[in-house]
Structure formats: structure tokens, C-alpha cells
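One-letter residues, chain by chain:
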Amino acid sequence: MAELLLKNITMKFGGLLAVDNLDLEVPSGKILSLIGPNGAGKTTVFNLITGVYKPTEGTITYNGKTLNGLHSNKVVSRGIARTFQNIRLFNSMTVLENVQVGLHCRTKSGAIRALLNTPFLVREEKEIEDKAMAVLEFLGLESFRNDYASNLDYGNQRRLEIARALATKPGTLLLDEPAAGMNPKETADLMDLILKIRDTGLDIFLVEHDMRLVMGISDMITVLDYGQKIAEGTPKEIQNNETVIEAYLGSGGKK
Amino acid sequence: MDTTSFLIQQLINAIFLGSIFSLIALGYTMVYGIIQLINFAHGEMFTAGSFAGLIVLMGLQKVGFVDSHFILSMVLVFGLGMAYVAVLGVSIEQVAYKPLRNASRLAAILSALGMSIFLSNGMMLSQGVSDRGFPPVFGWDGFRIMDAKISYGQVFIIILAFALMYSLWIFVTSTKLGKAMRATAQNKPMARMLGINVDKTIRVTFMIGPGLGAAAGIMVGLYYGSVRFDMGFIYMIKAFAAAILGGIGSIPGAMLGGMIIGFVEVAWSAFLPSEWKDVTTFVVMILVLYLKPSGLLGQSATEDKV
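Please read all numbers here as calculations on a predicted model, not as lab measurements.

Conventions we followed
Residues numbered from 1 in each chain as written. Chains lettered and ligands numbered in written order. Predicted model: local features only at pLDDT ≥ 70, side-chain atom pairs only at ≥ 80, totals over all residues. Heavy atoms only, no water. Buried < 20%, exposed > 50% of the residue type's maximum accessible area, 1.4 Å probe, protein only. Helix = DSSP H or I, 4+ residues; strand = E, 2+ residues; numbered from the N terminus. Pairing = 2+ DSSP bridges. Contact = heavy atoms within 4.5 Å. Buried area = accessible area lost by both parts, 1.4 Å probe. Salt bridge = Lys/Arg side-chain N within 4 Å of Asp/Glu carboxyl O. Polar contact = N/O pair within 3.5 Å; in protein donor to acceptor, adjacent residues only side chain to side chain.

Digging into the pairing of strand β9 (residues 220-225) of chain A
Residue and element names in this part refer to chain A.
And then number 1: The buried count for β9 comes to five of six residues, which makes it a mostly enclosed element.
And then number 2: Sheet analysis places β9 next to strand β10 (residues 228-233), joined by five bridges and oriented antiparallel. Across the sheet, Asp 225 pairs through a bridge with Gln 228, a residue of β10.
And then number 3: As consecutive antiparallel partners, β9 and β10 are separated by two residues, and within that stretch Tyr 226 has a phi angle of approximately 45 degrees, a positive value.

Dropping the structure here:
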């Protein structure tokens, strides 16, 4: 059973049709990649899923429940986390604190209880710290725990973004161009990391331009052009698909 | 009085005044940090807190509770006064600022100015135009360090102010909600994407900031013995200068800025003609901004904005 399901999704910005009647499903425990030329509507799809935009038409369901009209913070608590194309860390917080913020929606709320009950507060803080450390260890960032996020190198900032998203305990992880700006070594590490995350049982939905990464790790690929799905299949099928080649290279590429 | 005693006396005065400015400045800086708005109605929060504290205090005194349970009375005066203003702060946010959150910055600032005038006039109508006296609960009792006379009232207020600032610091740095607040201040869309309820976080900020302002208002009332509907203005202007000077948006900056303004003002009044003391506040602020435009502990405005 597919966990994340998009049905007849259409998104219009004024007269611009950004996403046109899109059907999509992120298969359970698999890596689905969404590719397409610039401006094809890939990030818009992410923004629709995470409640940044509301679809003009269509429904988005997750585990059988609709996500339409939910605010971003509710979508996260349903189990969908994402990272951004441009890094958005909390720069004046430490690495550990960044991850702790991610744990926010998975711990008991109760501000008043926390303020009045010091032992409870201490216990909860300890629990949050332990969980955050576990996530950092998974990503190999534990030695940077007390550094400010802004002081990390680029590759580690990307890792920290993923760590923070994982801290929200998602069932599905949306990665928006995680390899952007990475060198080949960093990209290779990232590929291993994404596979390692998938193997913990998460579904991964990836938007990426780096074809080596996309072809190397995806179980399925969906190709978008002008907001429409033009192809769908395994990496091998997509590589040999005429329509896809045309969309990327233009019809002049045809022999 | 010899020089040392005189200096000790002035030092206590400066710490006292500095704590008041710091508490008020915190309200500005927290609200600015989270929604980039200068809450011009903050001075009225300070005054409203003072009135609310006065009303509670007079009520308690009437039934003789203040004499029998002094500490508990103070807890009630500050607790209820701050709680009242916290509710007032959230209401203002809901009515005057929240609907304008996506409007231009100018619209929200005008709304804040309007709120300030509205509240100030409301207090004038309900509490009158003349000074209202605070019952002298602390009296003139105190102790001496050499020739410097320090009243218990001063000591009480300074301790309370520092306790409040310390609690705020612990709250912001090590509680979940405090971290959510810092995350929201740095990047709202991202905070939302991590499951933080941004609206709730903003509401909490509008409880804490005005609550601290109210505490400062009650302290001023208790110490100087009177409150007036428009007394918030000069404190507001100076605390605003303190927040700017410390780096608006920075919590330690507001504490530091408040202390600096308090010390400068007391030092000036101690040695130079005191009618010029209000000017010095702004001279110091202008000097700091000239040398470091982001304020002493502030970050440059372009950082963390996406």
C-alpha cells in the first residue's frame, strides 16, 4: 500500500499552470525521484505536500488520511519531513539544538507543566538530548554537537538538515536537491546516506538534478515537464525514454 | 558622605534603574525578534502592569493581608499584574498585529502606534489624569553599607528583576518552547516545517514580553510611590534605546543595553546637571550605532533571512 498519494493535483498561480493534473504515489520503503527541467514544478509538488501551498484541485492523502488544507506543522506531525534546496539551518543555534528543535513535535507539549514541574522538565530535556544525540550519531555528526550550525562545512550543513528532518520521526522524507553544490565525494557519501535511511524503513521522495545520484539510487523515477507527468518507470526505462530525452535536450536532439 | 559611600549609593541606584530598563527592553527585543515589529504599545503594557499591581495591592491592603502575609502579597501583586498584562499583550497581538502579519511593515507599525494611543487614553479615562499613589509598603527601612543607605525595597526589586531575567534565560536556552521561540525568530517557514506551531509561539512571546514590562511597571510604582497613565512614555523611549543599543532581537543584548542606559543615566545625574540626563541616553545610543550599527550583541539584519 502506498503511503503518500497525490490524485489529480492541479496548482495554478494566477494564469500559470504549475502542476497539471498530476497523479503520483510514493511507494512504501522505496526511493522515488522526481526529475524534470528547471521550472517543471518539482519544488511546487513538495510545497503542495507539505502544506506551503494549497492545491487548486485534487487530493493528497497519507496513510489513507487527507492532507489537504493542513498547515505545515500538522503535516510534519503526520509523518512527512522535508529539507530545502537552499540550506535553512538555524545558524545561531548549535548543531545539537537544531536537531532538538526537530524533535519538538514528538515530545509532550505541556509548557505549564514543564514550568511548574522541574523534575519533569529535567527528565524531558534529558530525553530530548538523548534522542537528538542518537540522530546525530546516525548521521556521523556527533563530534560537532556544540558547534554553531553556521560553522559547519557545506557537506555537513546538508547532513544536519537531514538530521533535523529525521528528528521529527518521519515515515516519509522529502529531499529537495540534497546534492546541490556538492563535490563528487560528498555526493557519493550522500548516496550511501540516503540508502542507509531507506533501509531503516523510510520512504524517500527525492527531487534532484544530479543524474548520477538519481540513476544510482532510485527505485522509481517520475519525470515532470511543464507541470505534467511525461514518464514514469525504473531508472533504466527512464534513460531510454524518447519523451524524456526530448524534454531535456529539445527535439533537436532527435536523430 | 564620603566618596566611597557615594559611589556605592550610585552603584545601587544604577543597578536598580538598569534592571528596570532591561526588563522593559526585553519585551521590545523579544517581539522584534519574532515578528520584526517594534511594539509601540509596549510602554502602555508597562503602565497597565503598574495599575494592575496597584489595584491588587490596594485590595490586599484593605483586608489587611499585606501586613499579615507580606511575601505572599507581593507574589499576588506581581503574579496577577503580570498575568493581566500577559492576557492584554496576547489580545493586542490577536486584534492589532496578527491580521497584518503579511501586510507591509509600515501597516503593523501604524497599528502599534494606534494601539499605544488607544491604551494610553483608555487608562487616562479609567484611572484619571493625575498621579495615583502606591501605598508605601516597603517604608524607609533598610541597612547601610558605610554611609550608603540601601532600602529593603531596592534590594527586593533588584533581586526580583534578576530572578526574572535569569528565568527567562533558562526558559529560552533550555526549554522546548524557548528553543521553538528562537527557531521561529530565525526562520518561520522552516520552524513550521519542523512541526512548530508558529502562531502559538508568537502568542507565548506576546505573553512573556509584556509580562516582564508589567513587572517593571509594578517595580517603578512600588519604588517611586506613584503611577500615572502616561508614565510609560519616557521609560518606553529609553528602554527602546536600550534594546537598539544592545542589538534589537538579542535577549542578552537587551539586558546589557538596559544596564548600560541605567548606569549612564545615574552616572550623569551624579556628577553633572541632571536635567541633561535624558539626552545622554540617546547620545550613547547614537554613538554605539555609529560604531556598530547592529548594536552591541546584535546580528546583521541580512543574516538568516531567506
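Topic: the interface of chain B and chain A
How big an interface is tends to be stated in terms of accessible area lost as the parts join.
And then number 1: Each side of the interface is counted separately: chain B has 25 residues, and chain A has 31 residues.
And then number 2: Carbon and sulfur atoms supply 63% of the area that chain B and chain A bury against each other, a total of about 2,500 Å² over both sides.
And then number 3: Three residues stand out in chain B for area buried against chain A, namely Lys 176, Met 193 and Leu 194 of chain B, and they jointly supply 32% of the buried area on that side.
And then number 4: Summed over the shared surface of chain B and chain A, the number is one salt bridge.
And then number 5: Between Glu 97 of chain A and Arg 182 of chain B there is a salt bridge whose closest N-O contact spans 2.9 Å.
And then number 6: If you look at where chain B meets chain A, you find five residue pairs in polar contact (both at pLDDT 80 or more).
And then number 7: Mapped onto the side of chain B that touches chain A, the elements with two or more residues apiece are α6 (152-174), α7 (176-186) and α8 (188-193) of chain B.

Thoughts on the pattern of salt bridges
And then number 1: Inspection of every chain in the model, using the stated rule, returns 17 salt bridges over all chains.
And then number 2: Measuring nitrogen to oxygen at the nearest pair gives 3.6 Å for the salt bridge that ties Arg 82 of chain A to Asp 176 of chain A. Taken together, the residues Arg 82 of chain A in strand β6 (residues 80-83) and Asp 176 of chain A in strand β7 (residues 172-176) connect sequence positions 94 residues apart.
And then number 3: Looking at Asp 176 of chain A, the relative accessible area reads 1%, which means it is buried.
And then number 4: Between Glu 265 of chain B and Lys 238 of chain B there is a salt bridge; the shortest N-O distance is 3.0 Å. Separated by 27 residues along the polypeptide, Glu 265 of chain B in helix α11 (residues 251-271) and Lys 238 of chain B in helix α10 (residues 232-246) bring together distant segments of the chain.
And then number 5: Among the residues examined, Glu 265 of chain B registers a relative accessible area of 5% and is labelled buried.

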